[in-house]
Amino acid sequence: MKGRCLCGAVNLISPDVKEIGACHCGFCRRWGGGPLLAVHCGPDVQFEGAQHISVFSSSEWAERGFCSRCGTHLYYKLLSTGAHFVPAGVFDSTDFEIVTQVYIDRKPGYYALANQTPTLTERQVIERYSSPDSH
């Protein structure tokens, strides 16, 4: 799959994936103004224009990348595995399906997704994805 930032300074190619996860944590909502609707692309994401990517360490186990020219959110990356979660809107494709929601206990009441999906609470996410050293 191909995608790019708003200004075109950063382009990316990832494996073909059709499943989106929705994250309702406070960091994602603050970062993008709403839930992060991200495609789990794994570690095999290629970036062209990587010199325009700025990185913010948002936790002990993850970082967030964005275009330093236009501000487009490019990825959330797990440090332990190198797995990238890329916002669905970055991709040229719109052929996606929401299949899971995380930090469901942090979702505010002012929005609701109609999709019926499996969910994880904040505690379940931390137990599943954080490194043992961060507890």
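Residues numbered from 1 in each chain as written. Predicted model: local features only at pLDDT ≥ 70, side-chain atom pairs only at ≥ 80, totals over all residues. Heavy atoms only, no water.

*Asks:* What am I meant to see in the sheet that holds strand β7 (residues 62-67) here?
*Replies:* Each strand in a sheet pairs with another by means of backbone hydrogen bonds, the pair being arranged parallel or else antiparallel. Ordered in space as β6-β7-β8-β9-β4-β3-β10-β11, the 8 strands form an open sheet in which the pairing is mixed. Edge strands, defined here as strands with exactly one partner in the open sheet, are β6 (53-57) and β11 (119-120). Sheet topology note: the strand β8 (residues 73-78)/strand β9 (residues 84-87) ladder contains 2 bridges and is antiparallel. Directly across from Lys-77, in β9, lies its bridge partner His-84. (Pairing = 2+ DSSP bridges. Helix = DSSP H or I, 4+ residues; strand = E, 2+ residues; numbered from the N terminus.)

*Asks:* Where do I start with the side chain of His-84 in this structure?
*Replies:* Checked against the element boundaries, His-84 lands in strand β9. With a relative accessible area of 6%, His-84 lands in the buried category. A polar side-chain atom of His-84 sits 3.1 Å from the main-chain carbonyl oxygen of Gly-82. Other than its neighbours up to four places away in sequence, His-84 contacts Val-39, His-40, Cys-41, Gly-42, Pro-43, Val-45, Phe-47, Tyr-75, Tyr-76 and Lys-77. (Buried < 20%, exposed > 50% of the residue type's maximum accessible area, 1.4 Å probe, protein only. Polar contact = N/O pair within 3.5 Å; in protein donor to acceptor, adjacent residues only side chain to side chain. Contact = heavy atoms within 4.5 Å.)

*Asks:* Explain the pairing of strand β3 (residues 19-23) here, please?
*Replies:* In the case of a regular strand, side chains alternate between the two sheet surfaces. Of all the 5 residues making up β3, 4 are buried; the element is thus mostly covered by neighbouring parts of the structure. Both β3 and strand β10 (residues 97-102) contribute to a ladder of 5 bridges, which runs parallel. Looking across to β10, one finds that Cys-23 is bridged to Val-102. Examined bridge by bridge, β3 and strand β4 (residues 36-42) share 4 bridges and lie antiparallel to one another. Paired with Ile-20 across the strands is Val-39, a residue of β4.

*Asks:* Would you explain the nonpolar core in this entry?
*Replies:* Side chains that are nonpolar tend, in soluble globular proteins, to be buried together. The biggest cluster of nonpolar side chains holds 20 residues, and the ones touching the most others in it are Val-39, Leu-74, Val-86, Phe-91 and Phe-96. At the level of secondary structure, the elements contributing two or more residues to this core comprise β4 and β8. If sequence neighbours within four positions are ignored, Val-86 has contacts with Leu-12, Leu-37, Ala-38, Val-39, Cys-41, Leu-74, Tyr-75 and Phe-91. Counting residues in hydrophobic clusters, the runner-up holds 16 residues, among them Leu-36, Trp-61, Leu-78 and Tyr-103. (Core = buried A, V, L, I, M, F, W, Y, C linked by side-chain atoms within 4.5 Å.)

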